[in-house]
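Per-entry structural report
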Amino acid sequence: MPQFSRTLVTTALPYANGPVHLGHLAGVYLPADLYVRYKRLKGEDVIHIGGSDEHGVPITITAEKEGISPQDVVDRYHRMNLDAFTKCGISFDYYGRTTSAVHHQTAKDFFFEIERKEIFQQKTEKLFFDAQTNRFLSDRYVTGICPICNNPEANGDQCEQCGTHLSPLELLNPKSKLSDATPELRETMHWYFPLGRFQQQLENYVNLHEDDWRSNVVNYTRTWLKQGLNDRAITRDLNWGITVPLDSDEAVGKVLYVWFDAVLGYISFTKEWATQQGEADRWKSYWQDPACRLVHFIGKDNVVFHTLMFPAILMAWNEAPQADCYNLADNVPASEFMNFEGRKFSKSRNYAVYLGEFLEKFPADTLRYSIAMNYPENKDTDFSWQDFQNRTNGELADTLGNFIKRSVDFTNTRFDGMVPADVTTDEWNNLGIDWQETLEQLDRAYEGFHFRDAASLGMDIARAANRFLTVSEPWKLIKVDREAAGRTIALSLNLCHALSIALYPVLPETCQRIHAMLGFDGRIEDLIVRGKSLFTELLTPVLLQGHKLRENSEILFTKIEDSAIAPEFAKINALLAEAEKREAAMVENRIEFKPVISFDDFQKIDLRVATVIAAEPVKKASKLLKLQLQIGSVTKQVLAGIAQHYSAEEMVGKNVVMVANLAERTMRNEVSQGMILAVEGADGKLFIIEPAGDEINGKQIQ
RNA sequence: CGUGGGGUGGAGCAAUUGGUAGCUCGUCGGGCUCAUAACCCGAAGGUUGCAGGUUCAAGUCCUGUCCCCACCA
């Protein structure tokens, strides 16, 4: 295990085509922030780099739909997401955008370098092109009939109904999702990155980390490696993105594919950060000094981009290096997903709670706590309003907030707002809390990315603190032994201080308020000293006798009334009802085949071409026509429920398809000796099957 | 079909390499009154999806089976 002296934390770049929701926060940004804040408080050198992913097709489509430019789209969502993150206390050291000049240059540098080494391959292939919108269509923008199950709405990459993986070329009757037009095949040339070239290196890389990476990360990655790595296109035909930095004609109209572009943003933004710090070269000490630990926080959907593709890009750069080599990620703590009220968050269905929206209603720390306690570390978890209310009221307000307040209030009313005594180390160590052990547990929790543990460790202290205060009963004690009461309250106050440190990564704003309530002026962050851990303050009492608290106490967490979350339930129900309706409509459109029958079964049906020789309405039966059918030399009478669609007169002379061996049945006192075939169109309109041909009367249909 | 992840007291979750099945909430009973009707103590409640197997010992390992969920921007 190498000893790192610095840490570079990156978070997946949110796509600037929509607002981030709680699922993103839970899987990526909050855990990263907890980790980074923890390390900062420990006095370590750590930076958190993130930013907006601002290229790609969907953005251009949004722009077109709204009649604005792609730049307008990304401007909007970049600002919106950065604002939401800031409100949530996600403390980026730098939050960049892939549209920046520095990033474009970085990406081009990488392209150039890999092109120079002749690693890329150029391939020409036929892709669907939508002439109406003038775009080449990526797989998921093509829809058509699934060749396997006939689902009419199969996607170009996969049929949702039968799960088959498809190529767009396999679809029957392909349509562009952008315009409904039938796309044409056109030749186009693209640069490909030969991932397979790095197969062995990548396998070694993963093997090296099989013990310290999460099993889900290793598994996802190995699944890919087992299948063998294919060439991957790194360019696309598009006019929004980073142009291929070559002068040749073939580079015209090509941009770098987002998967190549976006991950390099981590590097670009670190450069921008360094420049902003006034030390333009400092980014190198994070990317190119092996003493720096690189950690990518992502969701599980992003694993292979960070364990295979990005490393492969860096390996390509590092090969026969002319410049300094890049570090590969030391860890990739990919989260599972957080669901919302039992279902997946879904941007397209608008089934989501957006971060900015949430923070307009409830304080950031309540969200941070709830989400930290439900961090999807090993498996998918669930965010529910009920759970959020319970945790906020029962844990944050009742357990934590109330403890702080009762300690401070008691001091203010009985001890003039001053810490009444010094606390000895013995007393501090006899609270039933093993501080040394707590410190180690906190360290294991944060360093191992176990954020639920980290948050509950803090709350455990609050619970122990309540226990201590209730059991020592200073309100009784003060009547007989003021000094003894003072000692217990001094302990309580020091517990408050300990809580403000221990919970700081999870509840930065709240802890700052505790800090202030305890009579400290500055910011907690201002106490940070490089190389010295603030958490060691847990080991000894910090508040000394005579320390003056701020005069007034405050309620740290307002309880969430049922009425405050009731509208959220209403909203969900409305959304679900809407989704259900849509899904019901889908089911209706879906073609459900009857169970398979054998050929022999089919042969049992005697289908004949019959000619209508006479027709008349049936009395008291508005839907029935009585037909006399000629089948060769035989005449049969059939009652057909077509009176509302065909008149008796127009039926005469028609050829129809008849089931000739159907058991007889009597309706309205008339015998029906078979049935004729018809198909029901929209609105229940019937169309008779009319076989056309010469001399086919009486012939069997098969 | 395939691959991956799951099924633990009413709910949500924990259980390092197999070794007394824990926690939070809820329920019930009690205590306290400093505090946000809060806090503290106690109790009830699980044959760990089902069926086999390995073992001195299985939630944990093996086999089979049933059910749930996710699956490439």
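Figured I'd write up the structure that's included with this text. (Residues numbered from 1 in each chain as written. Chains lettered and ligands numbered in written order. Predicted model: local features only at pLDDT ≥ 70, side-chain atom pairs only at ≥ 80, totals over all residues. Heavy atoms only, no water.)

Description of the environment of Ile-642
Mapped onto the elements of the fold, Ile-642 is located in the loop between strand E19 (634–640) and helix H21 (648–651). Distance from Ile-642 to Phe-687, taken between C-alpha atoms, is 8.8 Å for residues 45 residues apart in sequence. (Helix = DSSP H or I, 4+ residues; strand = E, 2+ residues; numbered from the N terminus.)

Comments concerning the sheet that holds strand E4 (residues 121–130)
With antiparallel pairing, four strands are arranged side by side in an open sheet as E5-E4-E9-E10. Only two strands of the sheet have a single partner each, and these edge strands are strand E5 (135–136) and strand E10 (231–233). Summarising the sheet, E4 and strand E9 (residues 184–194) pair through nine bridges and their orientation is antiparallel. Pairing of Phe-129 across the sheet is with Glu-184, part of E9. (Pairing = 2+ DSSP bridges.)

Topic: the packing of aromatic side chains
All chains considered together, the criterion is met by 42 aromatic pairs. Relative to Phe-193, the ring of Phe-120 lies with its centre 6.1 Å away and its plane at 70 degrees, an arrangement referred to as edge-to-face. With a gap of 73 residues between them, Phe-120 in the loop between helix H4 (101–116) and E4 and Phe-193 in strand E9 connect regions that are remote in the sequence. Comparing Phe-120 with Phe-193, the two get one shared label, buried. Taken together, Tyr-35, Tyr-38, Phe-297, Tyr-375, Tyr-446, Phe-449, Phe-451 and Phe-535 form an aromatic cluster joined through their ring pairs. Over the aromatic face of Tyr-286 sits the side chain of Arg-6, whose NZ or CZ is 5.8 Å from the ring centroid. When the ring centre of Tyr-192 is taken as reference, the NZ or CZ atom of Lys-123 above it lies at 4.6 Å. (Phe/Tyr/Trp six-rings, centres within 6.5 Å; stacked < 30°, edge-to-face > 60°. Buried < 20%, exposed > 50% of the residue type's maximum accessible area, 1.4 Å probe, protein only. Lys NZ or Arg CZ within 6 Å of the ring centre and 35° of its normal.)

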